[in-house]
Amino acid sequence: MADEDRQLSVIVVGSGLAGLAAARILREKHQVTVYERGEPSTATGGQGIANFPNAIKIMRQMGFDPERAGSVLVQGFRTLDKHGKLIFDTEFPFQEKYGAPALSHMRVDFRAELLRLATAPSKDLGIGGEPAKMVYNNGARDIDAEAGQITLDDGTKAKADVVIVADGIHSRLRPKIAGEDCPKPQKSGLTCCRVAVSANQAIEALGRLPGWWQEQKSGDHRIMVFEARDGSDRIMVVYGLRNTSYMNMSCIFVTREEKESTTNSWFAEGDRQEMLDIFQDFDHSLVTLLGVATEVKLWELQDIEPLDTWTKGRAILIGDAAHAMTPLQGQGANIGIEDAEAFRLLMQPGVTRKDVPNILKRIELVRKPRATAILHNTRKTSRGVSGEERYRVMDENCTYDGIIKALESQRVK
């Protein structure tokens, strides 16, 4: 292959959403290997996730198929009190305003679609290059960032021209890149209980679908926020999944007792009775559905102060490893997708191995301030604010058109 169009070797550490998206972007030209610490089922679960236009535009470029993911169109926001009385409602024209819709889907379905895009035969996707290679049960425990070499859990080493570290909020490699004294995850004082309930479960438990669910199935697709409005900071965020045959219920409350399991994992097992006690005064339909959900997962909401750097030598941090934030603006995964798209700079003609460190610095120059702004938006709207206030930062959150336009904008400024 001509030196001016050389294929690079790329290691991706972690097979979460940001890591798989990066593998999809880079596989069209480069040789990509993804190392995952866990099993192939890593990061699965029956809970929901929402993607907003800033990510959807990128996902469309990657070939994301909403039908495969059972995606539900998000058409606006609705705030209700804990008894279901309407407080605030707005239709939000995402497509008209930002050039792409907002979609919600089951996290496991979303990840499965990203895995398909990273690993399916190239002819099936209509693209060039080779599928990313997946290696499970062998994560990276150490890194020589300057050399582009990782040490795996089994003691072997792997080397590449580029190392993308996407191993999550509790990244083992972050200190090796951002410095041993870099910020660590910090708790927000809030915990999130996440469940997904099927329509069949709802009908069996209640005799029929609740009115608010029927409205969703009839095409009135809103992200609904049920607020306690009593100073307790308790809310339930509810939205459709799998073509509204399921509902996501994210129940957020002030942390009562810190638990190691919910600190170290975003999918720790939860205490169903504790959730029922905390939300016992909410609408009967909500409490009943919380009681019949198959899985109850708990997550102590954490974020990280902005890092001084994301890059060192041939390595770069992305996703939660670089900029973990709470889900209270629904932007964590979306910003990780934006990070992945930035690797288009490595796809440009003439890029060689020696260019990698400088290109990673250019990516950081755009991505770090962008992620920091969204972190601050998320923190501003985390506690004690109305639904309307939560939606005021939507313009900044959703307005992003990729790395090339971002660099052009910086040059103009």
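Residues numbered from 1 in each chain as written. Predicted model: local features only at pLDDT ≥ 70, side-chain atom pairs only at ≥ 80, totals over all residues. Heavy atoms only, no water.

### Here we look at helix H2 (residues 53-62)
Okay, step 1: Most of H2 sits inside the fold, with eight of its 10 residues counted as buried.
Okay, step 2: All of the buried residues in H2 are Pro53, Asn54, Ala55, Ile56, Lys57, Ile58, Met59 and Met62. (Buried < 20%, exposed > 50% of the residue type's maximum accessible area, 1.4 Å probe, protein only. Helix = DSSP H or I, 4+ residues; strand = E, 2+ residues; numbered from the N terminus.)

### Remarks on the nonpolar core
Okay, step 1: In this structure, Ile150, Ile164, Leu317, Phe343 and Leu346 are the most contacted members of the largest nonpolar core, which totals 83 residues.
Okay, step 2: The contacts of Ile150, once residues within four sequence positions are left out, are Ile11, Val13, Tyr35, Ala140, Asp142, Ile143, Thr156, Lys157, Ala158 and Val163. (Core = buried A, V, L, I, M, F, W, Y, C linked by side-chain atoms within 4.5 Å. Contact = heavy atoms within 4.5 Å.)

### A word on the sheet that holds strand S3 (residues 48-51)
Adjacent strands of a sheet form backbone hydrogen bonds with each other and so pair up, either parallel or antiparallel.
Okay, step 1: Taken in spatial order, the three strands line up as S3-S7-S4 in an open sheet, and their pairing is antiparallel. Edge strands, defined here as strands with exactly one partner in the open sheet, are S3 and strand S4 (72-74). Strand-to-strand twist in this sheet, taken as the mean axis angle between neighbours without regard to direction, amounts to 30°. (Pairing = 2+ DSSP bridges. Axes fitted to C-alpha atoms, helices over the stretch in contact; angles between N-to-C directions.)

### Side note on the pairing of strand S13 (residues 186-198)
Regular strands place their side chains on alternate faces of the sheet.
Okay, step 1: Strand direction decides the pairing type here: S13 and strand S18 (residues 297-303), joined by six bridges, are antiparallel. Paired with Cys193 across the bridge in S18 is Leu298.
Okay, step 2: Two strands pair when backbone bridges link them, and S13 and strand S16 (residues 246-254) are joined in this way by nine bridges, in the antiparallel orientation. In the strand pairing of S16, Cys193 is matched with Cys251.

### Focus on empty space enclosed by the protein
Okay, step 1: Counted by the stated rule, this structure contains three cavities of 30 Å³ or more.
Okay, step 2: For the second largest cavity, the calculated volume is near 60 Å³.
Okay, step 3: Forming the boundary of the second largest cavity are Ile304, Pro306, Leu307, Trp310, Ala322, His323, Lys368, Ala371, Thr372 and Leu375.
Okay, step 4: Of all elements in the fold, only helix H13 (320-323) and helix H15 (356-380) reach the threshold of two or more residues within the lining of the second largest cavity.
Okay, step 5: Broken down by element, the lining of the second largest cavity gets its largest block of residues, four residues, from H15.
Okay, step 6: When grouped by side-chain class, the residues that make up the lining of the second largest cavity number seven nonpolar, two polar and one charged. (1 Å grid on protein atoms, 1.4 Å probe; cavity = no way out; pocket = protein on both sides within 12 Å on 5 of 7 lines; lining within 4 Å. Points joined across faces, edges and corners; volume = space filled by probe spheres on them. Nonpolar A, V, L, I, M, F, W, Y, C, P; charged D, E, K, R; others polar.)

### Considering the packing of aromatic side chains
Okay, step 1: Applying the stated rule across the entire model yields 11 aromatic pairs.
Okay, step 2: Plain terms: the ring middles of Phe253 and Phe279 are 6.1 Å apart, the flat faces sit at 80° to each other, and that makes the pair edge-to-face. Placement of the pair is Phe253 in strand S16 and Phe279 in the loop between helix H11 (272-278) and helix H12 (284-292), with a sequence separation of 26 residues.
Okay, step 3: Residue Phe253 is classed as buried on the basis of its relative accessible area of 3%.
Okay, step 4: Aromatic rings pair up to connect Phe52, Phe77, Phe92, Phe94 and Tyr98 into one cluster.
Okay, step 5: Sitting over the face of the ring of Tyr246, Arg242 holds its NZ or CZ atom 5.5 Å from the ring centroid.
Okay, step 6: A cation sits over an aromatic face here: Arg367 above Tyr400, 5.0 Å from the ring centre. (Phe/Tyr/Trp six-rings, centres within 6.5 Å; stacked < 30°, edge-to-face > 60°. Lys NZ or Arg CZ within 6 Å of the ring centre and 35° of its normal.)

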